[in-house]
Amino acid sequence: MIALTAVLRRCRRALPAVALPAVALVVLLLPARADAIEVQRVVSDAGIEAWLVEDRSLPILALEAIFRDAGAVTDPEGKAGRAYMVGGLLNEGAGDMDALTFQRRLEDLAVHMGFDAGRDSFQVSLKTLTENRDEAFRLLRLALTEPRFDAQPVERVRSQIQAGLARDLQDPRTIAWRAWFETQFPDHPYGTPVKGTPESVAALTADDLRAFVTERLARGNLILGVVGDIDAAALKALLDETFGALPTRPAPLDIAEAGPAAPAAVTVREFPVPQSTVVFGHRGLSRDDPDFYAAMVVNYVLGGGGFTSRLMEEVREKRGLAYGIGTSLRPLDHAPLMLGSVATRNDRVGETIDILRQEWARMREQGPTPEELTAATTYLVGSFPLELTSTSAIAGMLTAIQRHGLGIDYIDRRASYIEAVTADDARRVAERLLRPEHLAAVVVGEPSGLSPAAN
Amino acid sequence: MNIVLARLLAPILVLGVLAAPAAARAEVYGAETFTLDNGMQVVVVSNHRVPVVTHMVWYRVGAADEPPGHTGMAHLLEHLMFKGTEEVAPGEFSRRVAEIGGRDNAFTSHDFTAYYQTVAKQHLDMVMRMEADRMTNLLFEDEHVRTERQVVLEERRQRTDNNPSALLGERANAVMFHNHPYRTPVIGWAGEVATLERDTLMAFYRRHYAPDNAILVVSGDVTTDEVRALAEEHYGPIPARQVAARARPVEPEPVVERRVVLRHPQVQQPSWSRRYLAPTYTTGASEHAHALEVLSEVIGGGTTSQLYRRLVVEEELAAGAGAGYSPEQLDYGTFYVWASPRPGVDMEALEAAVTDELEAIRRNGVDAAEVERAKTRLRANVIYARDSTSRGAFALGRALTTGSTVEDVETWPESIAAVTPEDVDAAARAVLAEHRAVTALLLPRPQDVAADDQEALR
């Protein structure tokens, strides 16, 4: 990793950032060779911005887009699942094409177009061969601005979501995650499943779906990342053609900030399976918190580091209690969280949760060791290029950086943020972040051995 | 939630997976291959987008090579491969890879066991040294076996015992094969996993882990010359063991229709599926293999496919429907069709419609224009496969451990292009016969019935 950092820094010196009026170039990490990756800020004549990484190695193009404040959190009272259902329907007929015609067009041109609602945002993915690029963008424009919501596809997708909800009820993992959010956010949209409930999905109408498109999909909350076989000039034109017809701003929205509400407790949902699934967590740090990078280090050492984390060592490697255990920071827009999960046989649940609490407390009290801090830093810095596995993956990273306001030079600076975390920072932030007394767990299964104190 | 749960286990027969092109061609991956003096084949797939490499070693051994009564052995051994050598302490392998910002893992199927690391290119030497070391110098103790058996049993509960759909798939598979070891689950039967011992595991390791039974695949920002030099240095000195070619029990020609039903209190969403015994790229009536890939795409490859249109769109009986085919198996393949009912639709009605459609396909064949569309899609997707920095390594490793060659992988688009509508019809007639198939139903079981059964047992 140290050598890789050196490569990156060499790149940076060789190709310094150049700022242009509409097209800002920033050199990213990467190869000390001619094809160094650059991020360009492209702004169209109408003012639509996209970040672009030109990559001519293949005749393909990937676009990732996020509409902020357009996820399930915006579902109105009684209309849970609205954003998710729109996600299933935007490529099911638009403009003068019915669902079958639209889907056939996508398939025949090998255009991959997908939509998905998360808790906070609505995501768009497009991948196309260069030769079909203009048509792919035209189809995307139609999907975003002229979706039809014909009765037949609406009923079909409704039935598919209902079948999915039924399937979720047979999966202990999904039940546990859902129950955790339900118990922690009883009075907030985060407490309701992204997919909605059987009742709310049954009640959604085509007008509800149209209202979502009109109110939530706008230029003002749109974030774009594009990677592949296109230059800035061509992209500028496509941006206006594709997104120019969207409303300027989304409708006003008022989502309350929220924190996990329920007191620390172990909540059991009885379910007839041989292994219990445990989901646990408490408040985390928001993405713009100055301590976020130190929190990343602490999380990595405690439970985020795959095979090398303390929890994995104690729970899996030493005791064989589980196939895996992991934690992650999840900075939702309105509630930063730190969450984790583990699955263990029913009669070992108590022991597993006890270990979890002990490790939580030990990290809070002592922080990572110097060796752990070094290992975490080198991993978090060095593993970053491993994410860049495809044009879509790079495009997704470009949108994530914009979403969190990290700056166009983030990729270049990221290592320095992580390397700046000192042992004192890590200890201080471990104490700030980790609150064993706030740790709330949901157990789905038929657990035994839970200590009375834990309940 | 990004929780890494690893030493993952490859799905047993790639059932229900869309008919993705399992492989692509030389112009796609640009694979180059050579063989070391000790018989270890080496494959290099260059992709210079980011300064990262994926280093994989694939062994030609999997769950179908386990001795009787020792199911789960190949997979448990895969876990134990992380327990160290003289040079590398238990758990140290993954720790060292993480310390250089890399990732590592492993997976097991019926036909292969594979280990991989993805690292910055300058660390290829280091991971290759460690991988070569554990090819011959593995050490593990009874206590490691005891702990890791528990880990695997938790893995089994998580994947299978807690999941009625997976449980049914496992049992349908056991009914599918009368004699061939594809009948056993890769993860093993719980009662046998619990009794696996150090000495038999070590003997299994010594018998199968050798350079002449392994394939090195390196993809990413690297050249063939660089890989050759490193491979000769690290793997070159390991002596061959003259590992015998695999000879497995032979499956008799299928003659009986089979049906398995799981009524489970956990089930909320029923489903119907049927798996047919099918040829592969290299075994059985392999001339049908590419036509079966096209057939799978035509009848079940997406939302405009024949099954989806009829069952989901037109008759409004199903919430979903599709087909899949796994041609990359060493001995036998599976052609798979599935459907799940819309809420309120009963299973008999759905099953009647699916079987009616399958019979129509078998009898009347498929639409020639749809064959052309499917072929176009399959070939267009090859270019996307090339976009991924690691997919080529997976495709080639899988091909080479299941009887195919690099050349087969490279000529895949031509093979698909050559498929005619008549070929597809002939493949459908050859494979879509009920006596070749196991039909599996996943159904709910009302809680009170389950309680009555419990009562009756007492």
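Residues numbered from 1 in each chain as written. Chains lettered and ligands numbered in written order. Predicted model: local features only at pLDDT ≥ 70, side-chain atom pairs only at ≥ 80, totals over all residues.

Q: Which residues make up the overall build of chain B, and what are the values?
A: From N to C terminus, chain B includes 18 helices and eleven strands. Computed over the C-alpha atoms, the radius of gyration of chain B is 23 Å, within 12% of the 23 Å expected from 2.2 N^0.38 for a compact globule of 458 residues. Principal-axis analysis of the C-alpha atoms gives chain B an extent of 60 × 60 × 45 Å. Looking at chain B residue by residue over its 458 residues, the buried ones come to 57%. For chain B, long-range pairs separated by at least 24 residues make up 82% of all intrachain contacts whose partners lie at least 6 apart in sequence. (Helix = DSSP H or I, 4+ residues; strand = E, 2+ residues; numbered from the N terminus. Rg over C-alpha atoms; globule rule 2.2 N^0.38 Å. Buried ≥ 20, exposed ≤ 12 C-beta atoms within 10 Å, placed from the backbone. Contact = placed C-beta atoms within 7 Å.)

Q: Quick one: what's the story with the overall build of chain A, residue by residue and with numbers?
A: A count of helices and strands for chain A gives 16 helices and twelve strands. Rg of the C-alpha trace for chain A: 23 Å, near the compact-globule value of 23 Å for 455 residues, within the 12% margin. Counting only C-alpha atoms, chain A reaches 65 × 60 × 35 Å along its principal axes. Every one of the 455 residues in chain A was classed for burial, and the buried ones make up 54%. When contacts within chain A are restricted to residue pairs at least 6 apart in sequence, those whose partners lie at least 24 apart make up 80%.

Q: Run through unusual backbone geometry, naming residues and quoting values.
A: Residue and element names in this part refer to chain A. Here Ala110, not a glycine, exhibits a phi torsion of approximately 55 degrees, which is positive. Even without glycine at this site, Phe149 takes up a positive phi of about 50 degrees. Its location among the elements puts Phe149 in the loop between α4 (133-145) and α5 (151-168).

Q: Describe the sheet that holds strand β9 (residues 318-326) of chain B, listing the residues and the values that go with them.
A: Residue and element names in this part refer to chain B. Strand order in the open sheet formed by five strands is β7-β11-β8-β10-β9, with mixed pairing between adjacent strands. Strands at the two margins of the open sheet, each flanked by one partner only, are β7 (258-264) and β9. Strand-to-strand twist of the sheet, defined as the mean angle between neighbouring strand axes without regard to direction, takes the value 10 degrees. Pairing between strand β8 (residues 271-278) and strand β11 (residues 437-444): six bridges, direction antiparallel. Looking at β11, one finds that Arg275 is bridged to Val438. Strands in contact with helix α12 (residues 347-364) are β8, β9, β10 (333-341) and β11; relative to β10, the strand with the most contacts, it is inclined by about 140 degrees. (Pairing = 2+ DSSP bridges. Axes fitted to C-alpha atoms, helices over the stretch in contact; angles between N-to-C directions.)

Q: Can you break down helix α6 (residues 164-176) of chain B residue by residue, with the values?
A: Taking 1.5 Å as the rise per residue, α6 of chain B with 13 residues should run 18 Å; its terminal C-alpha atoms sit 18 Å apart, in good agreement. For α6 of chain B, the elements touching its buried residues are α5 (142-161), β7, β8 and β11 of chain B. (Expected span 1.5 Å × (residues − 1).)

Q: Requested: an account of the environment of Leu235 of chain A, with residues and values cited.
A: All names here are of chain A. Relative to the helices and strands, Leu235 is located in helix α9 (residues 232-243). Remark: the alpha-carbon pair of Leu235 and Glu446, spanning 211 residues in sequence, is separated by 56 Å. Residues contacting Leu235, with those up to four places away along its chain left out, are Val42, Ala50, Leu52, Val226 and Ile230.

Q: Residue-level account of the interface of chain A and chain B, with values.
A: In this complex, chain A contributes 62 residues to the contact, which on the side of chain B involves 62 residues. Secondary-structure elements contributing two or more residues to the side of chain A that touches chain B are α1 (2-14), α3 (99-108), β6 (122-129), α5, α11 (310-318), β10 (325-332), β11 (335-345) and α13 (370-382) of chain A. Examining the composition of the side of chain A that touches chain B, we find that seven residues originate from one element, α5 of chain A, more than from any other.

Q: Give me the sheet that holds strand β1 (residues 32-35) of chain B: which residues, what numbers.
A: Residues and elements named next belong to chain B. Sheet architecture is open: six strands sit in the order β1-β2-β6-β3-β5-β4, paired in mixed fashion. Each edge of the open sheet carries a strand with a single partner, namely β1 and β4 (103-108). For this sheet, the mean inter-axis angle between neighbouring strands, taken without regard to orientation, is 15 degrees. Relative to strand β5 (residues 113-120), strand β3 (residues 52-59) runs antiparallel, the two sharing eight bridges. Of the residues in β5, the one forming a bridge with His55 is Gln117. Seen against the sheet, helix α4 (residues 124-136) touches β3, β5 and β6 (214-220) and runs at an angle of roughly 15 degrees to β3.

Q: How would you summarise the pairing of β5 of chain B if you had to cite specific residues and measurements?
A: The side chains of a regular strand alternate between both faces of the sheet. Residues and elements named next belong to chain B. Across the eight residues that make up β5, a large majority, eight, are buried. Alignment of β4 against β5, held across six bridges, turns out to be antiparallel. By the bridge assignment for β5, Phe107 is matched with Ala114. In this structure, the hairpin formed by β4 and β5 is closed by a connection of four residues.

Q: Quick rundown of the environment of Leu432 of chain B? Include the residues and the values.
A: Residue and element names in this part refer to chain B. As for its placement among the helices and strands, Leu432 is situated in the loop between α17 (421-431) and β11. Residues Leu432 and Ser415, spaced 17 residues apart in sequence, show a C-alpha to C-alpha distance of 22 Å. With residues near it in sequence (within four places) discarded, Leu432 still touches Tyr276, Leu358, Ile361 and Arg362.

Q: Lay out the nonpolar core in plain terms, naming residues and giving numbers.
A: Ranked by size, the top nonpolar core spans 273 residues in total, and within it Val297 and Val298 of chain A together with Leu396 of chain B carry the most contacts. Of the residues forming this core, the biggest block, nine residues, is contributed by helix α10 (residues 292-304) of chain A. Residues contacting Val298 of chain A, with those up to four places away along its chain left out, are Met363, Pro368, Ala426, Val429, Ala430 and Leu433 of chain A. (Core = buried A, V, L, I, M, F, W, Y, C linked by C-beta atoms within 7 Å.)

Q: Account for the packing of α10 of chain A against helix α16 (residues 423-433) of chain A, with residues named and values stated.
A: Residues and elements named next belong to chain A. At their nearest, the axes of α10 and α16 sit 9 Å apart, and the two run at 80 degrees to each other. In terms of their interaxial angle, α10 and α16 are classed as roughly perpendicular. Listed contacts from α16 to Ala294, Ala295, Val297 and Val298 of α10 are Asp425, Ala426, Val429, Ala430 and Leu433. (Parallel < 35°, antiparallel > 145°, perpendicular 65-115°, else oblique.)

Q: Explain the pairing of strand β5 (residues 112-117) of chain A to me, using residue names and the numbers behind them.
A: Here β5 of chain A shows a buried face lined by Met113, Phe115 and Ala117 of chain A and an unburied face lined by His112, Gly114 and Asp116 of chain A. Count of turn residues in the β5 of chain A/β6 of chain A antiparallel hairpin: four residues.

Q: Describe helix α8 (residues 198-208) of chain B, and please don't skip the residues or the numbers.
A: Residues spaced three or four apart along an α-helix face the same direction, because each turn holds 3.6 residues. Residues and elements named next belong to chain B. Every buried residue of α8 is listed here: Leu201, Phe204, Tyr205 and His208. With its buried residues spanning 100 degrees around the axis, α8 presents them on a single face. Pointing more than 90 degrees away from the buried face of α8 are the exposed residues Asp199 and Arg206. (Arc of directions from axis to C-beta.)

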